[in-house]
Amino acid sequence: MAFLADALSRVKPSATIAVSQKARELKAKGRDVIGLGAGEPDFDTPENIKKAAIDAINRGETKYTPVSGIPELRKAIAAKFKRENGLEYSWEQTIVGTGGKQILFNAFMATLNPGDEVVVPAPYWVSYPEMVALCGGTPVFVSATQEHNFKLQAADLEKAITPKTKWFIFNSPSNPTGAAYTHDELKALTDVLVKHPHVWVLTDDMYEHLTYGDFKFVTPVEVEPSLYDRTLTMNGVSKAYAMTGWRIGYAAGPLQLIKAMDMIQGQQTSGATSIAQWAAVEALNGTQDFIPANKKIFEGRRDLVVSMLNQAKGIVCPVPEGAFYVYPSCKGLIGKTAPSGKVIETDEDFVSELLETEGVAVVHGSAFGLGPNFRISYATSEDLLEEACRRIQRFCGACK
């Protein structure tokens, strides 16, 4: 009898975590490496949020919390959905988890049975299909191609839905592409979902506050209120508030689902860290003045990276609407010979040779379900981004 669970054979390690770890190992050996793999803002957590955490410690807010989160944070979450998205949820319809990952995982664990299908647009965040598989479901991939700016088309969603479909995962702005859906683009998808009442919607709005120019963010239930009773809207404080290490994600949805997720979490981790929850209360209720300033910085970085990558031989880089990623194509380098003498046959070969030759760590697109592309996180300084892009240009120019 095997010791390890069969479920482990259905999943792969996170490619983004693997790239970041590889970059750290090379740096430890003295290599000059620029890591562009991690999806983490380089800004510090705002002072008012840090102070709220310190105040919570000084008040003695260091005990166990309710499984679904402290009432103060759950009420702040409900208020946020009302204020920013026009969505009415009671605080009892909210739940707090240890990061957005736990929210997603618990939703799948609470609902998936063997044979249940989950429609996952590709490119996708690397953890979506692995979570589905771990929870016993079957991911069904639907390509959102570069031709359509990495946005899923309604006809393709329609074809992917079967009687076994339980969930449709929606992520806008997207990790890994940065693509964000306009109201009309999202309405085309919700029109399809309305016709299939057995399909639930799991929407990952983690990058909601990171959209650029005149783009206006919308979430599925905002566009189609009739989906309210079968949508779980997930968000968190990690990206917009530079709180990745605080590990606070949250969601709102139908009470029956929230109670089921609460039951699972009660046997899993119980409540998220008390101090981080009080910090998140301040994040949601306090000043939001720093968000536009940070967005402006990200937008400038995006424009720099897109411009420089499009000057690299064999690279085509679309302009994303949001998040802090670009997802360029390296199709023009496939079949070329790298400076090491290795023939680049895949996007994984491309990123591996780029790291070895120039010390730039990026993530290969096939890890996200669509290549030949690669993902760059531009959540780092302009100086580092400029140097990284120069190295990429040099590497591409040296491929024959």
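This structure is a prediction, so every number in the text was calculated from the model and none was measured.

### So, helix α12 (residues 347-358)
Consideration 1: With twelve residues, α12 extends 16 Å between its outermost C-alpha atoms, agreeing within 8% with the 16 Å of an ideal straight helix rising 1.5 Å per residue.
Consideration 2: Inspection of α12 places Asp347, Asp349, Phe350, Val351, Glu353, Leu354, Leu355 and Glu358 among the buried residues, and these make up the whole buried set.
Consideration 3: In the core, the buried residues of α12 are packed alongside α1 (15-28), β10 (360-361), β11 (363-364), β12 (374-377) and α13 (382-398).
Consideration 4: Between the side-chain oxygen of the N-cap and the backbone nitrogen of Glu348 there are 3.3 Å, and the N-cap of α12 in question is Thr346.
Consideration 5: The first or second residue beyond α12 is Gly359, which carries a positive phi of 70°.

### Considering the sheet that holds strand β9 (residues 325-326)
Consideration 1: The three strands lie next to each other as β9-β12-β11, forming an open sheet whose pairing is antiparallel. Of all the strands in the sheet, just β9 and β11 have a single pairing partner and so form its edges.
Consideration 2: Relative to β12, β9 is paired through two bridges, and the arrangement is antiparallel. Following the sheet pairing, Val326 is matched in β12 by Ile376.

### Comments concerning empty space enclosed by the protein
Consideration 1: By the definition in use, this model includes three cavities of 30 Å³ or more.
Consideration 2: Taken as a whole, the largest cavity encloses approximately 150 Å³ of empty space.
Consideration 3: When contributions to the lining of the largest cavity are tallied by element, the ones reaching two or more residues are β3 (117-122) and β5 (165-171).
Consideration 4: Looking at the lining of the largest cavity residue by residue, the classes come out as twelve nonpolar, four polar and no charged.
Consideration 5: The volume enclosed by the second largest cavity comes to roughly 40 Å³.
Consideration 6: Lining the second largest cavity are Lys80, Glu84, Glu208, His209, Asn235, Gly236, Ala240, Tyr241, Tyr250 and Leu284.
Consideration 7: Secondary structure elements with two or more residues in the lining of the second largest cavity: α3 (71-85) and β7 (231-236).
Consideration 8: In terms of residue class, the lining of the second largest cavity is built from four nonpolar, three polar and three charged.

### Details of the packing of helix α4 (residues 100-111) against helix α5 (residues 127-134)
Consideration 1: Here α4 crosses α5 at 35°, and the two axes come no closer than 9 Å. The two elements α4 and α5 meet at a crossing, and its hand is right-handed. Along the contact surface, α4 presents Lys101, Leu104, Phe105 and Phe108, while α5 presents Ser127, Tyr128, Met131, Val132 and Leu134.
Consideration 2: Among the residues making up the contact of α4 with α5, the classes are represented as seven nonpolar, one polar and one charged.

### Section: the UniProt feature "domain: Aminotransferase class I/classII large" (unreviewed entry) in the protein chain
Consideration 1: According to UniProt, the feature "domain: Aminotransferase class I/classII large" (unreviewed entry) maps to residues 32-392 in the numbering used here.
Consideration 2: Taken as a whole, residues 32-392 contains 38% helix and 14% strand, while its terminal C-alpha atoms sit 14 Å from one another.

### Quick look at the pattern of salt bridges
Consideration 1: The tally for this structure, following the rule as stated, stands at 23 salt bridges.
Consideration 2: Here Glu130 and Lys12 are joined by a salt bridge, their closest N and O atoms 3.1 Å apart. Here Glu130 is found in helix α5, whereas its partner Lys12 is found in the segment before α1, with 118 residues between them in sequence.
Consideration 3: A salt bridge links Asp32 to Arg391, with the shortest nitrogen-to-oxygen separation between them at 2.5 Å. Here the residue Asp32 occupies a position in the loop between α1 and β1 (34-35), and Arg391 occupies one in helix α13, the gap between them amounting to 359 residues.
Consideration 4: By relative accessible area, which is 7% here, Arg391 ends up buried.
Consideration 5: One network of salt bridges, in which partners are shared, links Asp32, Glu386, Glu387, Arg390 and Arg391.

### Re the sheet that holds β5
In a beta sheet, neighbouring strands are held together by backbone hydrogen bonds and run either parallel or antiparallel to one another.
Consideration 1: As summarised here, the arrangement of the seven strands in space is β2-β8-β7-β6-β5-β3-β4, forming an open sheet in which the pairing is mixed. Each having just a single partner strand, β2 (94-97) and β4 (138-143) make up the two edges of the open sheet. For this sheet, the mean angle separating the axes of adjacent strands, direction not counted, is 20°.
Consideration 2: Judged from the three bridges that link them, β3 and β5 form a sheet pairing that is parallel. Residue Val119 lies in a different strand from β5, and its bridge partner there is Phe168.

### Some thoughts on the layout of surface pockets
Consideration 1: Taken as a whole, the largest pocket spans an internal volume of roughly 600 Å³.
Consideration 2: Lining the largest pocket are 30 residues, and of these Gly39, Lys101, Trp125, Lys239 and Arg247 sit closest to its centre.
Consideration 3: Residue contributions to the lining of the largest pocket peak at four residues, all from α1.
Consideration 4: For the lining of the largest pocket, the class distribution of residues is eleven nonpolar, twelve polar and seven charged.
Consideration 5: Composition of the lining of the largest pocket by domain shows at least three residues from each of domain 1 (6-44 + 290-395) and domain 2 (63-285).

### A few points about the packing of α3 against helix α10 (residues 274-285)
Consideration 1: With their axes 9 Å apart at the nearest point, α3 and α10 run at an angle of 25° to one another. Classed by the angle they form, the pair α3 and α10 counts as roughly parallel. When you trace α3 past α10, the crossing you get is left-handed. Seen from α3, the contacting residues are Glu72, Leu73, Ala76, Ile77, Lys80 and Arg83; seen from α10, they are Gln277, Trp278, Ala280, Val281, Leu284 and Asn285.
Consideration 2: The class makeup of the residues in the contact of α3 with α10 is seven nonpolar, two polar and three charged.

Rules and cut-offs
- Residues numbered from 1 in each chain as written.
- Predicted model: local features only at pLDDT ≥ 70, side-chain atom pairs only at ≥ 80, totals over all residues.
- Heavy atoms only, no water.
- Helix = DSSP H or I, 4+ residues; strand = E, 2+ residues; numbered from the N terminus.
- Expected span 1.5 Å × (residues − 1).
- Buried < 20%, exposed > 50% of the residue type's maximum accessible area, 1.4 Å probe, protein only.
- Contact = heavy atoms within 4.5 Å.
- Polar contact = N/O pair within 3.5 Å; in protein donor to acceptor, adjacent residues only side chain to side chain.
- Pairing = 2+ DSSP bridges.
- 1 Å grid on protein atoms, 1.4 Å probe; cavity = no way out; pocket = protein on both sides within 12 Å on 5 of 7 lines; lining within 4 Å.
- Points joined across faces, edges and corners; volume = space filled by probe spheres on them.
- Nonpolar A, V, L, I, M, F, W, Y, C, P; charged D, E, K, R; others polar.
- Axes fitted to C-alpha atoms, helices over the stretch in contact; angles between N-to-C directions.
- Left-handed = near helix turned anticlockwise from the far one by under 90°.
- UniProt positions renumbered as here; feature names shortened; annotations may be inferred.
- Salt bridge = Lys/Arg side-chain N within 4 Å of Asp/Glu carboxyl O.
- Domains from an automatic or database assignment.
- Parallel < 35°, antiparallel > 145°, perpendicular 65-115°, else oblique.

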